[in-house]
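One letter stands for each residue in the lines below.
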Amino acid sequence: MKLFQELAIPDNVALPLTRAVENRQISHAYLFHGNDENLLDKAAQAFAKAIVCTAENRPCESCSACIKTNAGSHPDLIHLYPDGASIKITQIRQLKYSVSLKPFESAYKVYIIHQADTMQKWAQNSLLKTLEESNKYVIIILLAVNKGAFYPTILSRCQVYAFSDVGLKNELIDSVYRVFLAAYEEDYERVFESIAAFHDNDFSDILSCISSFVRDFLACRLSGESTSIYNQAYSGFIQRAAKRYSVEMLHDTISFICDIRTGASANVKLMLQAIFLRF
Ligand SMILES: [Zn+2]
């Protein structure tokens, strides 16, 4: 699967997306969801590159569009990140204006909205209008851990692809939950013991699990609705614990985890302790 190179993407996701690019039958809107944000980012980037590539075999990696995309400087590939803790309505209004302007170089204008599940009610309403009214050249890719955070009206406008839980084991999710529980109960000795029990799992998987809980706490704080919780099996605990954590701390922790992900290899156990000591 050339489009996604060595990315671990399930066939039922990779095949239709590859076919869409090959046949130039690209939809207006996509939602990529799953608990590995790193993977979602990379997949969206690869997909966007193939969309703007001007060669026959997309992505060719050698046309000017591919080179610009790889350098992060393609003018028709636009990234949107949360402003503070969430994607704000003002950002969606700017997006609405931006989509009304024709592409500079490509036949398409591709927007990747990162952490789209942080979008609040009014921002989602505004996005819905944009999805309904956009020009043909506009392609919007939403990336999210938690599909449950979106209105059904948004979901119905998107082609939804689940990247979720690829390789993530239930035991690991349960182990991570136990550490959060111990931290909530302020039993730090148990926190350290529990980390020791699973810290030899794949580090990236562990971080994905932890992220999904932190996002759930954040979703609870922002929306107050249990439907936006990704780890539904632990919904009761998540709602209870979320009350104690500030939006700033949760947001800061998400950045911290992102930094660990992209940073050099560090002492796994120490990094995990540093995360859980925040709770
Ligand atoms: Zn190319």
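Report follows, based on the coordinates. Here the structure is a predicted model, which means the values were calculated and not measured. (Residues numbered from 1 in each chain as written. Predicted model: local features only at pLDDT ≥ 70, side-chain atom pairs only at ≥ 80, totals over all residues. Heavy atoms only, no water.)

### A few points about the coordination of the zinc ion
Spelled out, the test is: Metal-coordinating donors are taken as N, O and S atoms lying within 2.8 Å of the metal, or within 3.2 Å when the metal is Na, K or Ca; because water is left out, some sites can appear incomplete. For every residue, the accessible area obtained with a 1.4 Å probe (protein chains only) is divided by the maximum for its type, and the residue is called buried under 20%, exposed over 50%, and partly exposed between those limits.
Those donors, Cys53 (SG), Cys60 (SG), Cys63 (SG) and Cys66 (SG), are the protein atoms that reach the zinc ion, and they lie 2.3 to 2.4 Å from it. Counting residues between consecutive donors of the zinc ion along the chain gives the motif C-x6-C-x2-C-x2-C. Given a relative accessible area of 12%, Cys63 falls into the buried group.

### So, the packing of aromatic side chains
For clarity, the threshold we go by: Classification of ring pairs rests on two measures: the distance between centres of Phe, Tyr or Trp rings, Trp counted by its six-membered ring, which must be within 6.5 Å, and the angle between planes, read as stacked under 30 degrees, edge-to-face over 60 and tilted in between. Secondary structure elements are taken from DSSP: a helix is a run of H or I of four residues or more, a strand is a run of E of two residues or more, and numbering for both begins at the N terminus.
With the rule as written, the count across this model stands at 18 aromatic pairs. With a centroid separation of 5.4 Å and 75 degrees between ring planes, the pair formed by Phe180 and Phe217 is classed as edge-to-face. Of this pair, Phe180 sits in helix 7 (residues 170–184) while Phe217 sits in helix 9 (residues 203–223), placing them 37 residues apart in sequence. The exposure class of Phe180 is buried, given its relative accessible area of 0%. Look at Phe217 and you get buried, because its relative accessible area is 0%. Ring centres of Phe213 and Tyr234 lie 5.7 Å apart, and the angle between their planes is 50 degrees; this geometry places the pair in the tilted category. With Phe213 in helix 9 and Tyr234 in the loop between helix 9 and helix 10 (235–242), this residue pair connects regions lying 21 residues apart in the sequence. On the accessibility criterion, Phe213 (0% relative accessible area) is buried. According to the relative accessible area criterion, Tyr234 is buried, its value standing at 16%. Every member of this aromatic cluster is reached through a ring pair, and the members are Tyr177, Phe180, Tyr184, Phe213, Phe217, Tyr234, Phe237, Tyr245, Phe276 and Phe279.

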